[in-house]
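Close look at the chain arrangement
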Amino acid sequence: MSKRIFVVDDEPKIGNLFSNVLERDGYDVDAFVNPNSLLEALDEDSGEPDVVVTDMIMPQMDGVELMKHLDERDLDVPIIIMTAHSSVQTAVEAMRQGAFHYLEKPVNLEEMRALLEKAIELYGAQQELKQIKTEKQKQYPIEGILGESDPVVEVRETLETLCNASNTTVLFTGETGTGKNLAAQTLHYNSPRAEEAFTDIDCASLPDNLLEAELFGYEEGAFTDARDSKEGLIEVADGGTLFLDEIDSMSLALQAKLLSFLESREFRRLGGVEDKSADVRILCATNSDLEKSVQEDEFRKDLFFRINVVNVKMPPLRSMGDDVLLIGRHIVSEFNREFGSDVSGFTNAAREKLLNHTWPGNVRELRNVIERAMIFVEGDQIETEDLTLAPPSRLDEREQPVGNNGFQFALGQTLKDVEKAYIRRTLETRADDSYADIADDLGISKKTLWDKRKRYDLDEVVDR
C-alpha cells in the first residue's frame, strides 16, 4: 500500500513540487496551502497520513502550533519541519517538542527522500511495537489474575500500583504453580516498559557457570567453546524486564555479581574488560523461604534486601475459597475453544470435589485436572468421576514424619534439609567410628563428608 504524505506550505509551488516528485516515487501526496485545511481534512475523516511535512512560518499558524493541534487529535505520525536557514534554531526547538526532523530551505530533494524513508521505517517499527504492546496487554490484563478472595484482590491492587514504578525490583513468592511467572509478565506488559522485551530464565535449570554466561554474556575466547562474543540476557532485556525465576538456586558468588549490577546498573561480560550498562527492570521469584536461607548463609542478606523492595505473595489455591470454581470455569472455557467442545461447567458433586481438594500443585494442578476431564467427559458437564485428583496420602500430608531407626523427616523438607539432618544423626550415633567408615557407609568420600560437615556447621556434633 502506498504511503500517504501531507504537505503544508503557504506557497502553492512548494506543494506542487512535492506532489510531482513524490508521486513519481510511489507516494500519495495531499498538498495544503493552509494548516486549517489539513485539520479540516482530518476532522472529515478523509484518512490519516503516514508523514506530515510542514513549513515552520505560515500566516495562519506556525509549524509548532500545527503540531499541538495534531497532538490534540491523537495523530501519532512523524512530523518534518521545513525552515529557512535563519530559523534553524526554531526547528531544533520543535524537535525537542516532538518533531521527527527538519529540512532546511531550499529543500534538497534527495535529502527529503532519505528523510521520508527513515521516518516511515522508524514509525512503522514503533507502530509494530505498539501493536505488540496492545496485544500483550489484552493477553495479560491485570484482571487476568483471576479471583475474588482477599489475597488475590491484594495481588491485583499491588500490581496496579507497581505498573508505573517501572524501575522497582519486585520479588514474587509463593508455592510452585501459583502463577508467579504470569504475575511477572502481567506487570511487565502493563508498565511503560511493555514495548520492550520480557526475558525470563529459570536459575535452577542451568549450572552456575552457564547461568553466569547466560545472564552477563561473554567475549570470544572467554572459555573453551566461546568462539564468538554473545550478549547476555541483561543486554537483551535492555529497556525491558528480566525475570529471574528460582533465584534461590543462584550461587553466592553469582549473587554478588547480580547485586553489583543492581547497585550500579553496570556489568562486564565474561572475559571482558569493558564496563557495559543496561536499563533493565529485574523481577525475581522463589518458592522457598529466602529469609531462612539468609539465616543459614545460603543467600546473601544484602541481595535479599535489594530484591525484596516489594514482595508480591502469590496465594496457594487452597486459601482462595470459591475462587477454585471461578478459575475452573475459566479454564473450561479455554479448553472449549481449543477442543471445539461445549462443556457448560461442573455438576454440584464435582464442584464439591474441587472445593474439598487441597491442591498441592495449585493452579497448575487444577489446569491439568480439568484438561484431562475435558478430554474424557461424555456429557455437557464435568462429573466427579471425570476429575482425577492426586491421593491426599501422597501429596497433602506434608507434615507427616517419615523415617525409621530414630531418624525422621517431613515431606515438606528440602533435600538439603534432609541431608543435613541425616549426616548430623549419623555423626551423633557413630561417634566411635572412623570418618572413613562413616563416609563409606554414606556412599561419599572422606573429603566430601568433611566438606559437608563444614558447610552444614556440624563441628559441634563431634570433635574428631
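In this text the structure is predicted, and so the values were computed from the model without any measurement.

Turning next to the confidence of the model for the protein. Confidence in the prediction for the protein averages 87 pLDDT; 92% of positions are at 70 or higher. Ranking the elements of the protein by mean pLDDT puts helix H16 (residues 392–395) last with 47 and strand E6 (residues 170–173) first with 97. Across residues 393–404, where pLDDT falls below 50, the model places 24 contacts with residues more than four positions away in sequence or in other chains.

Three or more residues of helix H3 (residues 63–72) are buried, namely Gly63, Val64, Leu66, Met67 and Leu70. Down the axis of H3, the buried set is contained in an arc of 155°. They therefore lie on one face. N-cap assignment for H3: the residue whose side-chain oxygen lies 3.1 Å from the backbone N of Val64 is Asp62.

Time to look at a nonpolar patch on the surface. A cluster of nonpolar side chains, contributed by Phe339, Ile375 and Phe376, occupies part of the molecular surface with about 300 Å² of accessible area. By relative accessible area, Phe376 is classed as exposed at 51%.

On to the sheet that holds E6. The strand order across the open sheet built from five strands is E7-E8-E11-E6-E12, with neighbouring strands paired in parallel fashion. Looking along the sheet, the strands with just one partner apiece sit at the ends: strand E7 (198–202) and strand E12 (310–313). On average, adjacent strands in this sheet sit at an angle of 20° to one another, irrespective of strand direction. Against the sheet, helix H7 (residues 180–189) touches E6, E7, strand E8 (241–245) and strand E11 (281–286), its axis set at about 150° to E6.

Turning our eyes to something else, we now look at the pairing of strand E3 (residues 51–55). The buried fraction of E3 is high, at five of five residues. Neither face of E3 is open: one carries Val51, Val53 and Asp55, the other Val52 and Thr54, and all of them are buried. Note: strand E1 (residues 4–8) against E3, four bridges, orientation parallel. Paired with Ile5 across the two strands is Val51, which belongs to E3. Relative to strand E4 (residues 79–83), E3 runs parallel, the two sharing four bridges. Across the sheet, the residue bridging to Val52 is Ile79, located in E4.

A word on the sheet that holds strand E5 (residues 101–104). Pairing within the open sheet is parallel, and its five strands lie in the order E2-E1-E3-E4-E5. Looking at the sheet topology across the chains shown, the edges are occupied by strand E2 (28–32) and E5. Strand-to-strand, the axes of this sheet are offset by a mean angle of 20°, without reference to chain direction. Those strands touched by helix H2 (residues 35–43) are E1, E2 and E3, and its axis lies near 145° from that of E1.

Let us look at the packing of H2 against H3. Here H2 crosses H3 at 10°, and the two axes come no closer than 11 Å. Classified by the interaxial angle, the pair formed by H2 and H3 is roughly parallel. Taken together, the residues of H3 that come into contact with H2 (itself represented by Pro35, Leu38, Leu39 and Leu42) are Leu66, His69 and Leu70. The residue inventory of the contact of H2 with H3, partitioned by class, reads six nonpolar, one polar and no charged.

What follows concerns the nonpolar core. Here is a general trend for soluble globular proteins: nonpolar side chains tend to be buried in one another's company. Counting residues in each nonpolar core, the largest one holds 41 residues, and the members touching the most others are Phe172, Leu187, Leu354, Leu366, Ile370 and Ile382. Among the elements of the structure, helix H6 (150–162), E6, H7, E11, helix H13 (323–339), helix H14 (348–356) and helix H15 (362–376) are those that each provide at least two residues to this core. In terms of nonpolar packing, the next biggest core, distinct from the first, is built from 29 residues, Leu233, Ala237, Val294 and Phe299 among them.

Once that is clear, we can look at the packing of aromatic side chains. Two measures describe an aromatic ring pair: the distance that separates the ring centres and the angle between the ring planes. If you walk through the whole model with that rule in mind, you get eight aromatic pairs. Pairing Phe198 with Phe243 gives two aromatic rings, centres 6.3 Å apart and planes at 25°, and the pair type is stacked. With a gap of 45 residues between them, Phe198 in strand E7 and Phe243 in strand E8 connect regions that are remote in the sequence. For the pair Phe198 and Phe243, a shared accessibility class is recorded, and that class is buried. Look at Phe304 and Phe305: their rings are 5.6 Å apart centre to centre, the planes differ by 55°, and that puts the pair in the tilted class. The buried category is assigned to Phe304, whose relative accessible area is 8%. Here the aromatic residues Tyr140, Tyr189, Phe198 and Phe243 are joined through ring pairs into a cluster of three or more. If you follow Lys257 out to its NZ or CZ, it ends over the ring of Phe216, 4.6 Å from the centre.

About the thresholds
- Along each chain, residues carry numbers from 1 onward, in the same order as the chain's sequence is written.
- At least 70 in pLDDT is required for a residue's local features to be given in this predicted model, at least 80 for side-chain atom pairs to be given and counted, and no such filter applies to totals for whole chains, interfaces and linings, which use all residues.
- Heavy atoms from the whole structure form the basis of all side-chain values; hydrogens and water molecules are not counted.
- As a per-residue measure, pLDDT tells how confident the predictor is, with possible values from 0 to 100.
- Note on conventions: DSSP H or I runs of at least 4 residues are helices, E runs of at least 2 residues are strands, and numbering of each starts at the N terminus.
- Residue contacts are defined here by distance: any two heavy atoms, one from each residue, within 4.5 Å place the two residues in contact.
- Only protein chains enter the accessibility calculation, which uses a 1.4 Å probe. A residue is then buried if its area is under 20% of the maximum for its type, exposed if over 50%, and partly exposed in between.
- For this quantity, the arc is that covered by the directions from the helix axis to the C-beta atoms.
- Pairing of N or O atoms within 3.5 Å defines a polar contact, subject to two protein rules: one partner must be a possible hydrogen donor and the other a possible acceptor, and residues neighboring in sequence count only if both atoms are side-chain atoms.
- Patch membership is restricted to residues that have no salt bridge and whose relative accessible area is over 30%. Joining uses 9 Å for like charges and 5 Å for the nonpolar side chains Val, Leu, Ile, Met, Phe, Trp and Tyr.
- Each accessible area value is a Shrake-Rupley result obtained with a 1.4 Å probe; residue values ignore everything except the protein chains displayed when judging cover.
- What makes a salt bridge here is a side-chain nitrogen of Lys or Arg within 4 Å of a carboxyl oxygen of Asp or Glu, nothing more.
- Two strands pair if DSSP finds at least two bridges between them.
- Throughout, an axis means a line fitted to C-alpha atoms (over the contacting stretch in the case of helices), and angles, computed between N-to-C directions, take values from 0 to 180 degrees.
- Orientation labels follow simple angle bins: below 35 degrees gives roughly parallel, above 145 gives roughly antiparallel, 65 to 115 gives roughly perpendicular, and whatever is left gives oblique.
- Classes in brief: Ala, Val, Leu, Ile, Met, Phe, Trp, Tyr, Cys and Pro nonpolar; Asp, Glu, Lys and Arg charged; the others, Gly included, polar.
- Put simply, a nonpolar core is a bunch of buried Ala, Val, Leu, Ile, Met, Phe, Trp, Tyr and Cys residues held in one set by side-chain atoms that sit within 4.5 Å of each other.
- Centre distance within 6.5 Å is the pairing criterion for rings of Phe, Tyr and Trp, where only the six-membered ring of Trp is used; planes under 30 degrees apart are then read as stacked, over 60 as edge-to-face, and the remainder as tilted.
- By definition, being over a ring means that NZ of Lys or CZ of Arg is both within 6 Å of the ring centre and within 35 degrees of the ring normal.

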